[in-house]
Amino acid sequence: DSGVTQTPKHLITATGQRVTLRCSPRSGDLSVYWYQQSLDQGLQFLIHYYNGEERAKGNILERFSAQQFPDLHSELNLSSLELGDSALYFCASSVASGYKETQYFGPGTRLLVL
Amino acid sequence: AQSVTQLGSHLSVSEGALVLLRCNYSSSVPPYLFWYVQYPNQGLQLLLKYTTGATLVKGINGFEAEFKKSETSFHLTKPSAHMSDAAEYFCAVSDTGAQKLVFGQGTRLTINP
């Protein structure tokens, strides 16, 4: 158990809908990262927040957004869902920000768009 | 920009045999390298990491990896495979600019009894 929690574990929804994925980092960690794992793209970085501020963006679609709250939990919002958004979404956390940090991953949220 | 290549998307070994998972990286600066394991229907678990110092890194579950700068490699090994090692293994390099992990495509390890 990494100490990173994600809810829900599974999510099934329809095209065009909007969903929110939630992540709670390890106790004491200030950084939260979101990754998407799909069969065709592999593991792709989406976005990084540090202590409530966005620090880096990766291959995140405009239909997707995220935020980190004062209690340091983070939410990833996916809207106007398409079939291709079906994937496993991981959250990771680290103590601080920077490339030297070790990221610890949560169990993921499996999203299925029908 | 940093990148990672894992040689072979699948590897099958017999129980008790040597496990060797290959990873080559590209980085313009001294890299921070990681190996993660993903068991079926689970998240990514950190196996080991290389930051600086000793080039032979020991991790959990009997795995170790050796950083070879001259070969830009960070191969993962385990002397004797166990059935419980069946999983997907990901090599990753830390991107110095974007503060993210760049992953290889993964190698699925199958253990034959």
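Everything discussed here concerns the structure shown above.
All values derive from a computational prediction rather than experimental measurement.

Rules behind the numbers
- Residues numbered from 1 in each chain as written.
- Chains lettered and ligands numbered in written order.
- Predicted model: local features only at pLDDT ≥ 70, side-chain atom pairs only at ≥ 80, totals over all residues.
- Heavy atoms only, no water.
- Pairing = 2+ DSSP bridges.
- Helix = DSSP H or I, 4+ residues; strand = E, 2+ residues; numbered from the N terminus.
- Contact = heavy atoms within 4.5 Å.
- Buried area = accessible area lost by both parts, 1.4 Å probe.
- Salt bridge = Lys/Arg side-chain N within 4 Å of Asp/Glu carboxyl O.
- Polar contact = N/O pair within 3.5 Å; in protein donor to acceptor, adjacent residues only side chain to side chain.
- Nonpolar A, V, L, I, M, F, W, Y, C, P; charged D, E, K, R; others polar.
- Disulfide = S-S within 2.5 Å.
- Buried < 20%, exposed > 50% of the residue type's maximum accessible area, 1.4 Å probe, protein only.

### Digging into the pairing of strand β6 (residues 53–57) of chain A
All names here are of chain A.
- Both strand β5 (residues 42–50) and β6 contribute to a ladder of 4 bridges, which runs antiparallel. Its bridge partner being in β6, Y49 is matched across the sheet by E54.
- Between β5 and β6, which pair antiparallel in sequence order, lie 2 residues; one of them, N51, sits at a positive phi of approximately 50°.

### Some words on the interface of chain B and chain A
- Listed as interface residues are 19 residues of chain B and, on the opposing side, 23 residues of chain A.
- Summed over both partners, the interface of chain B with chain A comes to about 1,700 Å²; 58% of that surface belongs to carbon and sulfur atoms.
- Per-residue buried area on chain B facing chain A is highest for B:Y32, B:L44 and B:Q99; these three make up 32% of the total on that side.
- Our count for the contact surface shared by chain B and chain A stands at 0 salt bridges.
- Inspection of the region where chain B meets chain A yields 4 residue pairs in polar contact (both at pLDDT 80 or more).
- Only β4 (33–38), β5 (44–50), β9 (87–95) and β10 (100–103) of chain B provide two or more residues apiece to the side of chain B that touches chain A.
- Among the residues forming the side of chain B that touches chain A, the class breakdown is 9 nonpolar, 7 polar and 3 charged.

### Thoughts on the state of the cysteines
All names here are of chain B.
- Tallied over the full model, the rule gives 2 disulfides over all chains.
- Shown here is the disulfide that connects C23 with C91, its sulfur atoms set 1.9 Å apart. On the sign convention where negative means left-handed, the S-S torsion of about -60° between C23 and C91 marks this disulfide as left-handed. One end of the pair, C23, is in strand β3 (residues 19–26); the other, C91, is in strand β9, with 68 residues separating them in the sequence.
- We classify C23 as buried; its relative accessible area is 0%.
- What makes C91 buried here is its relative accessible area of 0%.

In short, geometric facts, not functional conclusions.
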